[in-house]
Amino acid sequence: MAFRSVAVVGLLLAARLGDAAEKKGGKALGFDVGTDVVRVAAAARGGKRSGMVLNSMSERSFPSAVVWVPAGNGDTERALCENARQTASGTPLTSLRRHVSLDPHRKIPLTPGSDEHYTPQEALAMVLSYAKSFEPQAREDVGLSVPSFFTPRQRQAVIAAASIAGLKPQVLLSEPSALAVAYGALHDFAKAGTKKEPKKDKVLFVLVSAHSVQAAVVKYYVGKGHTASGGRNYAQKVARVMGTAHNATAGSALMQERLLDWIVETRPWAGEEGSGGSRIPARRNASDPSDRVTRRLLQGVRKASEILTSRAEALAEIDKFFEGGDPLRVPVTRATFEAINADVAAAVQQVVADALAAANVAAKNLLSVELYGGGSRVPFIQAAVSRAVPSAPLSHRLDKDEAVAQGIVVAAANYSSPDPATVILLDASTTGFDITVSELSDRGATRKQVRSKKVKPHQPLPARVNVVVNTTASVLEVVVTSQEDESVLGTYTIENIQEEAKLIPGAQAAPAGAPKTVSIRVVMRDSGIVEVAAAKVSVDVIKTVEAKPKKAKKGSKKAQKPKKQTVVETVDKALKVSGTESWRTEKDEIAKAQRKLQLMQILDERRLQVAASKNGLEQLVYDTLSAIGALPDVKDADSKAELEDLRAELYAVDAWLQAADAYTEQTEYISRHLALTRRIEGIKVLQEEEEEEEPYADAEEAGEVEVIPETADGLAGGAPAHEGEKCDGGPGVDLQAALDACREEVKELQRLLQERGED
């Protein structure tokens, strides 16, 4: 039997961090950031040949969840996305749905009672970084999509999370807008209408996701454009969002919650012999890991609701549900499911009506209605949309679940491509905001409101709003609040108004104490983020100028003397705007969070390396003991004694492995591996056994079978480690060099830990 030295050598930290730089010609990524899952699409330049990024379980989405699980002796290990879902039994999950506000100041403990904390932004950054690692050819420039009901504060929090993850967000769209891009990229709208049959160029998009219903009316037309170099004109597809609407509480998850409530409240199992119905507790919180009854009920309800999309009756079934081991089986009909969710259907119809009203479009003028999202599979939801727009056909020409990700990746690819865009999106705001201007005096002790303005949603983006105030005060305060949740988006101060006005040439001629006109510009960016962009003071200055002389009469030689006249001219001067935005995450905070995330990634990789080194040592012990047991009777006394000593040492190493914990260093595993390997190589009888012919040797020479050598990570063919990084080494790896490299890496890790302690 041949013995191979198996050890995993960790890559140097500097090399790891340096590999984060992506090639400029890589693929564009689009992240559909939902409240339950994150879907990622990748596309080449221009948005062509897009495809979904798969997770470690070959699923087409990444659960937006993070969890820390105990690893022994008080240590914890981080699990992300699908790994968190698999490992989170009895441990609180941090998900975007539970922390949808994305408050950057909220502290979440790693585990209950832990002193270590992280923020919802950092949790989302972990999910985005993890998802990006599954597309090694990705660029750092990405696009993001969020639910349309996200406020400017939440949108900026998502952008900050992407920055913490080492990404560079270039585009942020609402989910219906991303659907509009995906739809427009695949369809031709060049056909013109006639007087008898007007052109129908408006499409209604309805997205029924897990926790919301969103709708948008989009008009498609063909405009003219030109290449980036100013060359030839070309036909350019344009999608203009005319109106949007949303309901942030209705959705497919609410339907399942209603069915769960119905099962618990009606208790259809009560009175059945041996069912143990009296032991069923009242429903509490499905997201509470201690409420295992509710969690198991919810699993059965989800399966039943999926079956009801195609059948008239389903069975909510959970094995071994009761204390006696009896299963729970509750029959549910589609009629019952529709009856308990009648208000959800009404909410969907209302959202559709609101979107049409916001766009000022009649249902009869729609080209089609595109229905997407997990809830779009429910028959009574489809019927509700058809009742709201009976004259338009109902269809879904894109994938129901992945269309949003496909749309945002097209937008991201178009943004960074020098080629003409696949489709130009003229977006509209989905939320409104209020502007309040107040005069401050006595160093801010007195506040007097002088102007307020409401900005309704559905404004073309970027939306620019000018607020004009006539004031004698020297300081103005501008407060911007969201109409969605009435949260303060930013508080801004404009100071030294009167002093700056006096610096305008000729301003001294203005009447003393006259009000000054201040213009304040508030901008909602394409991303839906609102901020005060600029302010200026305007002063009427009296000037004396020479009037243009009249032309001399024909034949007259007498020259006209220039006359002077007084004119009033308005002169502007920019004012300094200072303020704080509640949604903004400062650069130093982002840099600090980036270092924290990098350290977590390194620690995760270190744990994987330590586990692989431990597995390699265990494999060596097992193989050697098996080889000793398979040897024929050894007659030489010295060789027999050597084997017995080796067997005792192997059992001692095995006992040490059983006692090893999370604090055992990788160097200890490699050191023991190295010592044990040298000991084995010094035993002659084992080396003689090693010289025997390898299995499959003849078949390999004949070309009938290919033997793939084992590599340092213990996987055939050198399977890459997580995040696309391949481990160095192979058969005959120098364990002493591996040990030295590991020690250097530990020193670098200690340095990073010290830096984090300083943070």
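For clarity, every value in this text was computed on a predicted model and none was experimentally measured. (Residues numbered from 1 in each chain as written. Predicted model: local features only at pLDDT ≥ 70, side-chain atom pairs only at ≥ 80, totals over all residues. Heavy atoms only, no water.)

This part takes up the overall build of the protein chain. What the protein chain contains, in helices and strands, is 18 helices and 28 strands. Burial analysis of the protein chain (759 residues in total) assigns 47% to the buried set. Contacts in the protein chain between residues far apart in sequence, at least 24 positions, make up 69% of those at least 6 positions apart. In the structure as shown, the protein chain presents an accessible area of about 38600 Å², 49% of it carried by carbon and sulfur atoms. (Helix = DSSP H or I, 4+ residues; strand = E, 2+ residues; numbered from the N terminus. Buried < 20%, exposed > 50% of the residue type's maximum accessible area, 1.4 Å probe, protein only. Contact = heavy atoms within 4.5 Å. Areas by Shrake-Rupley, 256 points an atom, 1.4 Å probe, with all protein chains shown as cover.)

What follows deals with the sheet that holds strand S24 (residues 488–494). Ordered by their spatial adjacency, five strands build an open sheet running S21-S20-S23-S24-S28, and the pairing between neighbours is antiparallel. Strands with a single pairing partner mark the edges of an open sheet, and in this sheet they are strand S21 (446–455) and strand S28 (577–581). Averaged over all adjacent pairs, the angle separating strand axes in this sheet is 20°, with direction ignored. Sheet analysis places strand S20 (residues 433–441) next to S21, joined by nine bridges and oriented antiparallel. Its bridge partner being in S21, Phe 433 is matched across the sheet by Val 455. (Pairing = 2+ DSSP bridges. Axes fitted to C-alpha atoms, helices over the stretch in contact; angles between N-to-C directions.)

Taken in spatial order, the four strands line up as S22-S25-S26-S27 in an open sheet, and their pairing is antiparallel. Edge positions in the sheet fall to strand S22 (463–471) and strand S27 (564–575), since each has one partner strand and no second. On average, each strand axis in the sheet is inclined to that of its neighbour by 25°, with strand direction left out of account. Across 12 bridges, the pairing between strand S26 (residues 530–546) and S27 is antiparallel. Counted as the bridge partner of Glu 546 is Lys 564 from S27.

Before going further, it helps to examine the side chain of Ser 61. Relative to the helices and strands, Ser 61 resides in the loop between strand S3 (51–52) and strand S4 (62–63). The contact partners of Ser 61, leaving out residues within four places of it in the chain, are Val 37, Val 38, Arg 39 and Asn 55.

This next bit is on the nonpolar core. Residues Leu 204, Val 206, Val 217, Leu 366 and Val 389 are the most contacted members of the largest nonpolar core, which totals 48 residues. Leave out the neighbours within four places in its chain, and Leu 366 touches Lys 200, Lys 202, Val 203, Leu 204, Val 217, Leu 356, Val 361, Val 389 and Ala 392. By size, the runner-up hydrophobic cluster in this structure holds 43 residues, among which are Val 142, Leu 167, Ala 593 and Met 600. (Core = buried A, V, L, I, M, F, W, Y, C linked by side-chain atoms within 4.5 Å.)

On to the packing of aromatic side chains. Per the stated rule, a full pass over the model turns up nine aromatic pairs. Relative to Phe 134, the ring of Tyr 130 lies with its centre 5.0 Å away and its plane at 70°, an arrangement referred to as edge-to-face. Of the residues examined, Tyr 130 reaches a relative accessible area of 7% and is grouped as buried. Overall, the relative accessible area of 23% leaves Phe 134 in the partly exposed class. Members of the aromatic cluster, joined through ring pairs, are Phe 62, Tyr 130 and Phe 134. The positively charged end of Arg 672 is found above the aromatic ring belonging to Trp 656, 4.1 Å away from the centroid. (Phe/Tyr/Trp six-rings, centres within 6.5 Å; stacked < 30°, edge-to-face > 60°. Lys NZ or Arg CZ within 6 Å of the ring centre and 35° of its normal.)

Okay, helix H15 (residues 666–681) next. Within an α-helix, residues lying three or four positions from one another point in the same direction, as the helix has 3.6 residues per turn. Spanning 16 residues, H15 covers 22 Å between terminal C-alpha atoms, matching the ideal 22 Å at 1.5 Å per step. Considered for burial, the residues of H15 that qualify are Gln 666, Thr 667, Tyr 669, Ile 670, His 673, Leu 674, Leu 676, Thr 677 and Ile 680. (Expected span 1.5 Å × (residues − 1).)

Before going further, it helps to examine the pairing of S26. The sheet contact formed by strand S25 (residues 516–524) and S26 spans eight bridges and is antiparallel. Looking across to S26, one finds that Ile 520 is bridged to Ala 535. Counting the residues in the hairpin turn of S25 and S26 gives five residues, including Gly 528, whose phi is positive at 90°.

One way to put it is that helix H14 (residues 637–659) packs onto H15 with a least axis distance of 11 Å and a crossing angle of 170°. By the angle class used here, H14 and H15 are roughly antiparallel. Contacts from Glu 642, Asp 645, Leu 646, Glu 649, Leu 650, Trp 656 and Leu 657 in H14 reach Glu 668, Tyr 669, Arg 672, Leu 676, Arg 679 and Ile 680 in H15. In terms of residue class, the contact of H14 with H15 is built from seven nonpolar, no polar and six charged. (Parallel < 35°, antiparallel > 145°, perpendicular 65-115°, else oblique. Nonpolar A, V, L, I, M, F, W, Y, C, P; charged D, E, K, R; others polar.)

To continue, consider the packing of helix H3 (residues 120–132) against helix H13 (residues 587–630). Contact geometry for H3 and H13: axes closest at 11 Å, N-to-C directions at 50°. With respect to H13, the element H3 is oriented oblique. The interaxial crossing formed by H3 with H13 has right-handed handedness. Along the contact surface, H3 presents Glu 122, Ala 125, Met 126 and Ser 129, while H13 presents Ala 593, Lys 596, Leu 597, Met 600 and Gln 601. Among the residues forming the contact of H3 with H13, the class breakdown is five nonpolar, two polar and two charged. (Left-handed = near helix turned anticlockwise from the far one by under 90°.)

As a further point, take helix H9 (residues 342–359). Its 18 residues place the ends of H9 26 Å apart at the C-alpha level, agreeing with the 26 Å of an ideal helix rising 1.5 Å per residue. One or two positions beyond H9, positive phi appears at Asn 360, with a value near 55°.

On the surface, a cluster of negative charge is contributed by Asp 636, Asp 638, Glu 642 and Asp 645. Note that Asp 638 resides in helix H14. (Patch = residues over 30% accessible without salt bridge, like charges linked within 9 Å, V, L, I, M, F, W, Y side chains within 5 Å. Salt bridge = Lys/Arg side-chain N within 4 Å of Asp/Glu carboxyl O. Lys, Arg positive; Asp, Glu negative; His and termini not counted. Charge placed at Lys NZ, Arg CZ, Asp CG, Glu CD.)

Any two side chains of opposite charge can pair, on the condition that their charged atoms come close. Counting across every chain of the model gives 16 salt bridges. Here Asp 604 makes a salt bridge to Arg 78, at a shortest N to O gap of 2.4 Å. One end of the pair, Asp 604, is in helix H13; the other, Arg 78, is in strand S6 (residues 75–80), and 526 residues separate them in sequence. Here Asp 604 and Arg 78 have matching classes, each one buried. Between Lys 573 and Glu 500 there is a salt bridge; the shortest N-O distance is 3.7 Å. Of this pair, Lys 573 sits in strand S27 while Glu 500 sits in helix H12 (residues 497–502), placing them 73 residues apart in sequence. Judged by its relative accessible area of 23%, Glu 500 falls in the partly exposed class.

The next point concerns unusual backbone geometry. Each neighbour pair has its own omega, and for Leu 461 with Pro 462 the value is 0°, a cis peptide bond. Look at Ser 58: it is not a glycine, yet its phi comes out positive at around 60°. Take Ser 58: it is sitting in the loop between S3 and S4. At Asn 360, a residue that is not glycine, the phi angle is positive and equals roughly 55°.

All right, on to the confidence of the model for the protein chain then. For the protein chain, per-residue confidence averages 77 on the pLDDT scale, and 71% of positions sit at 70 or higher. Here residues 695–732 scores under 50 on pLDDT; set against residues more than four positions off or in separate chains, the count is 47 contacts. (pLDDT = per-residue confidence, 0-100.)

Turning next to the environment of Ile 408. Mapped onto the elements of the fold, Ile 408 is located in helix H11 (residues 403–415). With a relative accessible area of 0%, Ile 408 lands in the buried category. When the C-alpha positions of Ile 408 and Ser 174 are compared, they lie 9.2 Å apart, and in sequence the two are 234 residues distant. Not counting residues up to four positions away in its chain, the partners in contact with Ile 408 are Gly 30, Phe 31, Gly 143, Leu 144, Ser 145, Val 171, Leu 173 and Ala 178.

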